[in-house]
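Residue-level structure breakdown
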Amino acid sequence: MPAPRVGLFATCLTDTFYPSTARAVVRLLERLGCDVDFPMDQTCCGQMHYNTGYREEARSLAAKYAKVFDGYDAIVAPSGSCGGMVREIHPELHGTSDAFARTYELSEFIVDVLGVTDVGAYFPHRVTYHPTCHSLRMLGVGDKPLALLRAVRGLDLAELPAADTCCGFGGTFAVKNADTSTAMLGDKMRNVLNTGAEVLCAGDNSCLMHIGGGLSRLRTGVRTVHLAEILASTEEEPWAATP
Amino acid sequence: MGSNPVTWLGSPVFPKAAKAALADTQLRRNLRKATHTIRDKRTRVVSELPDWEELRRAGEAIKDDVLSNLDTYLERIEAAVTARGGVVHWARDAREANEIVLRLAREAGTDEVVKVKSMATAEIGLNEALEAGGIRAIETDLAELIVQLGHDRPSHILVPAIHRNRSEIKEIFQREMAEKPVSDEPRELAEAARRHLRRKFLSAKVAVSGANFGVADTGSIVVVESEGNGRMCLTLPEVLITVMGIEKLVPTWQDLEVFLQLLPRSSTAERMNPYTSVWTGVTPGDGPQQFHLVLLDNGRTDALADRVGRQALRCIRCSACLNVCPVYERTGGQAYGSVYPGPIGAILSPQLVNDMHDKQAASLPYASSLCGACYEVCPVRINIPEVLVHLRAEAVEAKGRTPESVGMAALGWLFADARRYENAQKVGSLARHLAPSGRISSLPWPGSKWTSTRDVPTPPAESFRTWWRRNRG
């Protein structure tokens, strides 16, 4: 069977602020036998525009996405939020396209398409996992990220209380309703700290930027690490914090 | 403006009202405890039904049929009610509805009416209108009574006094009741309310109710409740006036089967509500001998004209969305500035107001992080996030050119071209020189709204796409 030709949709946030996550996706998917490409014309899924009420900007970004990612066997995004935007909202904006239907969030792609749960990862830390709202409710990824994490050697998985409650990011919600957002973040951080985990893991850098921003401000010492970076980490080449 | 009848006069925009609520630690404790208790219980009782998803779809389908054929069903219920000896009145807005009720109460020669808990009458401010006309309205639902005696506003659809704990309730009762409760034991408080209300039930000549459902075929009106106080109002007085939103119809008696399963489990997390009262017109010698049905529009046909927004009219007022909403849990209901709080309020109130130039109404669709928990629990599958985003687009349009719209357009321009975007990344990455610690703790406005409580990661020296170009390109 030829290696599936996978288009990496890095998402604008990861591309700009968390390049180590996108590099981890490349490393992980290549290790799992995929032929990974990063089409350079990609930019943003338009979710922030769409969710804030700027439909026209979102519409042209959906059109751009359909063009850029046309022809790949699968398109993988390290984000349930942007993945959900593409698969569930882009068709409404631009009409159906193979590029939309073939877009997967990372854990979905690994478990459902590649049929793997043990990706040969090694990550000797106590980790707690936050299932982000859009991966949970829009894409319905369910327990797939947890199944992947449970198979990681050395990883001590701590259950996060009230895990499925929103962290309070919500895109522009975090600035339009900054006080409410912070109250939601406060409860999320308290739950994270109660687990005793060293690392908070999620499949969305947007939520991690929000929760991590709070954890950093309070000097809690808890790190936020994207699921892709944990899964890419091996004994030979362990995860290292990037500057 | 604030002159619309749906939102409370003088209510601030949501972020401002929320800020005040968030500072009230007692309120937050009360809300947290109450919402978590009821939400956990809801999950348990819903999981008992293997066909819950089918029931939701059935509820959605029935309501959509009603909304698509509302004219037919309304004429049908009018005919059925009239045939059974009732009188039907049509009210375009709050003012008309209030005038009808006031006139009917006056005609009955009373200066006091007892009330069954009703969202429709709260929406139109009936109590205040009656008061202005010299007629006292007595709320008989325990939670509504607490709100009324506390000179307070409701904060939840089902549990209007959810923001109060029992010691606060004891204080209100001690201040307002003739026979005062001696402790804050729930039994003692309930007994005090019972003594207080019994006299009212026995003397009242006129009762005013809302309706959970109106059956178009038979003209039957249905009210479900937990305490039985509603049933007292529906049986003892001589005159019964029901104010019903025109969307509350179901086509046939059989359709109730679906909703009498969906509603109690979604709202009080009970398998069956304790009291289900049904009345059809007038029955000689039994119950009220005069029955008036006021069919209330008040913005509903405007909402119906909106293809995306109209699904809000499926709402059966169960309040499951409030109980799971992380925003509602922190801010409470009064921050929404209307009798309809929480996620459903955030989509229903702006539609009933139907004026996106009203700043308070326009702030409501943004009172959500779009986490989707409300849609997941809604028994009639209202896609609340979809309507929120739809109404945000209307708000943006109404506002015209703002710093935000300029910023969004600029970002759109940047994202339209990958090279342009990459150059901007390179410029942005220079910011890391300003924050050698690897985190930025203070940004200029509007970023300051983020950094008031959260750090921002410094942009890395090299974006992913630049790395890819260097290594793989």
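Just so we're clear, the structure is a prediction, and the values are computed from it rather than from any experiment. (Residues numbered from 1 in each chain as written. Chains lettered and ligands numbered in written order. Predicted model: local features only at pLDDT ≥ 70, side-chain atom pairs only at ≥ 80, totals over all residues. Heavy atoms only, no water.)

This part is about the sheet that holds strand 6 (residues 156–158) of chain A. Residues and elements named next belong to chain A. On the basis of which strands lie adjacent, the open sheet formed by 4 strands has the order 6-5-7-8 and parallel pairing. The open sheet terminates on both sides in strands that have one partner only, identified here as strand 6 and strand 8 (223–226). Recorded for the sheet is a direction-independent mean angle of 35° between the axes of neighbouring strands. In the sheet, strand 5 (residues 126–129) pairs with strand 7 (residues 199–202) via 3 bridges, with the strands oriented parallel. By the bridge assignment for strand 7, Val127 is matched with Val199. Of the strands in this sheet, strand 7 and strand 8 touch helix 12 (residues 205–217), which is tilted by about 170° from strand 8. (Pairing = 2+ DSSP bridges. Helix = DSSP H or I, 4+ residues; strand = E, 2+ residues; numbered from the N terminus. Axes fitted to C-alpha atoms, helices over the stretch in contact; angles between N-to-C directions. Contact = heavy atoms within 4.5 Å.)

Below, the discussion takes up the pairing of strand 5 of chain A. With 3 bridges joining them, strand 5 of chain A and strand 6 of chain A adopt parallel strand pairing. Paired with Val127(A) across the strands is Leu157(A), a residue of strand 6 of chain A.

In this structure, Phe9(A), Phe173(B), Phe213(B), Phe259(B), Leu293(B), Ile344(B) and Ile347(B) are the most contacted members of the largest nonpolar core, which totals 140 residues. Ranked by residue count, the leading element in this core is helix 19 (residues 384–399) of chain B, at 7 residues. When neighbours within four sequence positions are excluded, Phe213(B) is seen to be in contact with Ser220(B), Ile221(B), Val222(B), Met244(B), Lys248(B), Val250(B), Leu256(B), Phe259(B), Leu260(B), Leu263(B) and Ile316(B). With 39 residues, the next largest nonpolar core counts Val26(A), Val76(A), Val119(A) and Val152(A) among its residues. (Core = buried A, V, L, I, M, F, W, Y, C linked by side-chain atoms within 4.5 Å. Buried < 20%, exposed > 50% of the residue type's maximum accessible area, 1.4 Å probe, protein only.)

Right, let's talk about the interface of chain B and chain A for a bit. Across the contact, 60 residues belong to chain B and 60 residues belong to chain A. Regarding the contact of chain B and chain A, the summed buried area is about 5300 Å², with carbon and sulfur atoms giving 59% of it. Of all residues in chain B, the largest losses of buried area upon contact with chain A belong to Met408(B), Phe415(B) and Phe464(B), amounting jointly to 14% of the total for that side. Scanning the region where chain B abuts chain A turns up 9 salt bridges. Of the charged contacts, one joins Asp15(A) and Arg465(B) as a salt bridge, the two residues approaching to 2.7 Å between their closest N and O atoms. For the pair chain B and chain A, the interface holds 35 residue pairs in polar contact (both at pLDDT 80 or more). Ranked by residues supplied to the side of chain B that touches chain A, first place goes to helix 20 (residues 403–415) of chain B with 7 residues. (Buried area = accessible area lost by both parts, 1.4 Å probe. Salt bridge = Lys/Arg side-chain N within 4 Å of Asp/Glu carboxyl O. Polar contact = N/O pair within 3.5 Å; in protein donor to acceptor, adjacent residues only side chain to side chain.)

A word on the environment of Pro459(B). Relative to the helices and strands, Pro459(B) is located in the loop between strand 12 (456–457) and helix 23 (464–471). Judged by its relative accessible area of 9%, Pro459(B) is buried. Along the chain, Pro459(B) and Ile440(B) lie 19 residues apart, while their C-alpha atoms are 9.7 Å from each other. Ignoring any residue separated from it by four or fewer positions in sequence, one finds Pro459(B) in contact with Phe17(A), Gly428(B), Ser429(B), Ala431(B), Arg432(B) and Ile440(B).

Where charged atoms from two side chains of opposite charge come close, those side chains can pair. One pass over the structure, following the stated rule, counts 50 salt bridges over all chains. Here Glu329(B) and Arg330(B) are joined by a salt bridge, their closest N and O atoms 3.8 Å apart. Residue Glu329(B) shares its accessibility class with Arg330(B), and that shared class is buried. When salt bridges with common partners are traced through the structure, they connect Asp187(A), Arg190(A), Arg32(B), Arg39(B), Glu329(B) and Arg330(B) into a single cluster.

So, about the environment of Pro365(B). Residues and elements named next belong to chain B. Structurally, the position occupied by Pro365 is in the loop between helix 17 (359–363) and helix 18 (373–377). Measuring from C-alpha to C-alpha, the distance between Pro365 and Val389 comes to 7.2 Å, with 24 residues separating the pair along the chain. Beyond its immediate sequence surroundings of up to four residues, Pro365 is in contact with Ala346, Pro350, Met356, Leu388, Leu391 and Arg392.

Residues and elements named next belong to chain A. Under the present numbering, the feature "domain: Cysteine-rich" (unreviewed entry) in UniProt falls on residues 6–86 and 127–211. From the first C-alpha to the last, residues 6–86 spans 16 Å; its make-up is 57% helix and 12% strand. Between the first and last C-alpha atoms of residues 127–211 the distance is 15 Å; the span itself is 48% helix and 12% strand. (UniProt positions renumbered as here; feature names shortened; annotations may be inferred.)

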